[in-house]
Amino acid sequence: MKRKNFARRPGCAVEATLDLIDGKWKGVILYHLQGGSQRFGELRRLMPGITQRMLTKQLRALFDFETAKPEPTGRDIRVAVKAVSVNPVDTKVRKRAAPPAGETKILGYDAAGVVEAVGPEVTLFKAGDEVFYAGSILRQGTNAEFHLVDERIVGRKPKTLSFAEAAALPLTSITAWELLFDRLGAVPGKSLDDRTLLITGAAGGVGSILIQLARRLTGLTVLATATRPESRDWCLSLGAHAVVDHGKPIKEQIEALKLPPVGLVASLTHSDQHYKAIVEVMAPQSKFGLIDDPAEFSIAAFKGKAISIHWESMFTRSMFTTPDIIAQHNLLNDVADLIDKGVVRTTLGDHYGSINAANLKRAHALIESNTSRGKIVLEGWG
């Protein structure tokens, strides 16, 4: 892998660490103000192909620091974190987090590690157990050497995976599982289902798991959308029956495939840009599920076909301590079983080295470039 580093070079108004991946520069670009201006042109001359969208202005918010080791109470377990992965929600929280004066917000939700200590009410785990999980958005995050988490949203780590491979799975697995089975109502089992599940933005973390669950556990026809050739190949390798390009009109593409009617939709990204076109290809009385935060979204578009709309947020159970919160513990154990049986595979895409601010900045920048495939993982401390 080819890398370029720029750190306040004479005549250059940027600091950057960039990797050449698939013919494109990806990484962290930090601007330094010189003479009150931000000279993007200087960087473009140094590295042709760099685009403005790669810039991540707020990455200065990520830094290394030390804090006290937390003590578990109640149903909390303390996990010695061995590996984490980065999700789009990490970048969103980074932008909007406003901790009280004198306090620091720790980001991160996915983790795999070893239980080091348990609270007095813990019954599911003991010290020494290997676990994986996605923590609560209301609490401190997993980008820490030691982390507290409610045992009811923790699962046993798959025996056949490394910590890094396991860390790629929890948040996206929970989201995909809940979206497919709890929200859209797909029925697990291989009996024939004469509907098509359309997954938009399917090459990302959630889509990579959702394709596998739908293909391996249901009788649905799985149709993915992706724009880049490598993303298309990734979706097909995970089990999609077919892939269409959501950068082009999709109605003609889908009609040409002659698939069963689109009865279920999992809109994973840019729902505001695609939902009107998607409604055109959906069957009457079908279901539309989404996980993102569309800037514009009119439910009137769905009324004529009596299409129901379903939101999925994997943080809901932990945020509100719902009566069924332990469903996430059971779900993760089911995923671990599927992994160990070879039914589902890890979706680790890129390994960014040890867990530190510099590598997290690189991971956040790639997430925000909207070009990631699979999951970005960091492992160990240094």
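Just so we're clear, the structure is a prediction, and the values are computed from it rather than from any experiment.

### Re the packing of aromatic side chains
And step 1. This model, assessed by the stated rule, comprises nine aromatic pairs.
And step 2. Considering the side-chain rings of Tyr109 and Phe315, the 5.3 Å spacing of their centres and the 70° angle between planes classify their relative orientation as edge-to-face. Taken together, the positions of Tyr109 in the loop between helix 2 (88-96) and strand 5 (110-118) and Phe315 in the loop between strand 14 (308-311) and helix 10 (316-320) put the pair 206 residues apart, joining distant regions of the chain. This pair shows no difference in class: Tyr109 is buried, exactly as Phe315 is.

### Side note on the side chain of Thr346
And step 1. Checked against the element boundaries, Thr346 lands in the loop between helix 11 (327-340) and strand 15 (348-351).
And step 2. Looking at Thr346, its side chain comes within polar contact range of the main-chain oxygen of Glu165, at 2.8 Å.
And step 3. A distance of 3.4 Å separates a polar side-chain atom of Thr346 from the backbone nitrogen of Leu348.
And step 4. Leave out the neighbours within four places in its chain, and Thr346 touches Leu161, Glu165, Ala168, Leu169 and Ile339.

### Section: the pairing of strand 16 (residues 375-379)
And step 1. Among the five residues that make up strand 16, four are buried, leaving the element largely enclosed by the rest of the structure.
And step 2. Bridge count between strand 4 (residues 76-86) and strand 16: four bridges; the pairing is antiparallel. Residue Val86 lies in a different strand from strand 16, and its bridge partner there is Ile376.

### Here's the deal with the confidence of the model for the protein
And step 1. Mean pLDDT for the protein: 85, with 84% of residues reaching 70 or above.
And step 2. In the model, residues 28-40 has pLDDT below 50 throughout and makes 48 contacts with residues more than four positions away in sequence or in other chains.
And step 3. For residues 52-59, every residue scores under 50 in pLDDT, and the model assigns this stretch 29 contacts once sequence neighbours within four places are set aside.

### Observations regarding the sheet that holds strand 10 (residues 221-225)
And step 1. Sheet architecture is open: six strands sit in the order 11-10-9-12-13-14, paired in parallel fashion. Strands with a single pairing partner mark the edges of an open sheet, and in this sheet they are strand 11 (242-244) and strand 14. Neighbour to neighbour, the strand axes of the sheet diverge by 20° on average, direction disregarded.
And step 2. Relative to strand 11, strand 10 is paired through three bridges, and the arrangement is parallel. Residue pairing in the sheet places Ala224 in a bridge with Val243 of strand 11.
And step 3. Against the sheet, helix 7 (residues 250-257) engages strand 9 (196-200), strand 10 and strand 11, with an angle of about 160° to strand 11.

### Some points on the packing of helix 7 against helix 8 (residues 271-281)
And step 1. Where helix 7 contacts helix 8, the axes come no closer than 9 Å and their chain directions differ by 30°. One element, helix 7, and the other, helix 8, form an angle in the roughly parallel class. Our pair here, helix 7 against helix 8, has a crossing hand that is right-handed. Only Ala277, Ile278, Glu280 and Val281 of helix 8 make contact with helix 7, whose side of the interface consists of Ile250, Lys251 and Ile254.
And step 2. Its residues assigned to classes, the contact of helix 7 with helix 8 comprises five nonpolar, no polar and two charged.

### Side note on the nonpolar core
And step 1. With 79 residues, the main nonpolar core has Tyr133, Leu180, Leu197, Ile199, Ile211, Leu213 and Cys235 as its most contacted residues.
And step 2. When neighbours within four sequence positions are excluded, Cys235 is seen to be in contact with Ala202, Ala203, Ile211, Ala224, Ala226, Ala240 and Val243.
And step 3. Formed by 17 residues, the second largest nonpolar core is a distinct cluster that contains Ala242, Val244, Val281 and Ile307.

### A word on the environment of Arg216
And step 1. For Arg216, the position within the fold is in helix 5 (residues 205-217).
And step 2. Here Arg216 falls in the partly exposed class, since its relative accessible area comes to 33%.
And step 3. Setting aside its immediate chain neighbours within four residues, Arg216 contacts Lys190, Leu238, Gly239 and Val343.
And step 4. A distance of 3.3 Å separates a polar atom in the side chain of Arg216 from the backbone oxygen of Val343.

Reading the values: the criteria
Residues numbered from 1 in each chain as written. Predicted model: local features only at pLDDT ≥ 70, side-chain atom pairs only at ≥ 80, totals over all residues. Heavy atoms only, no water. Phe/Tyr/Trp six-rings, centres within 6.5 Å; stacked < 30°, edge-to-face > 60°. Helix = DSSP H or I, 4+ residues; strand = E, 2+ residues; numbered from the N terminus. Buried < 20%, exposed > 50% of the residue type's maximum accessible area, 1.4 Å probe, protein only. Polar contact = N/O pair within 3.5 Å; in protein donor to acceptor, adjacent residues only side chain to side chain. Contact = heavy atoms within 4.5 Å. Pairing = 2+ DSSP bridges. pLDDT = per-residue confidence, 0-100. Axes fitted to C-alpha atoms, helices over the stretch in contact; angles between N-to-C directions. Parallel < 35°, antiparallel > 145°, perpendicular 65-115°, else oblique. Left-handed = near helix turned anticlockwise from the far one by under 90°. Nonpolar A, V, L, I, M, F, W, Y, C, P; charged D, E, K, R; others polar. Core = buried A, V, L, I, M, F, W, Y, C linked by side-chain atoms within 4.5 Å.

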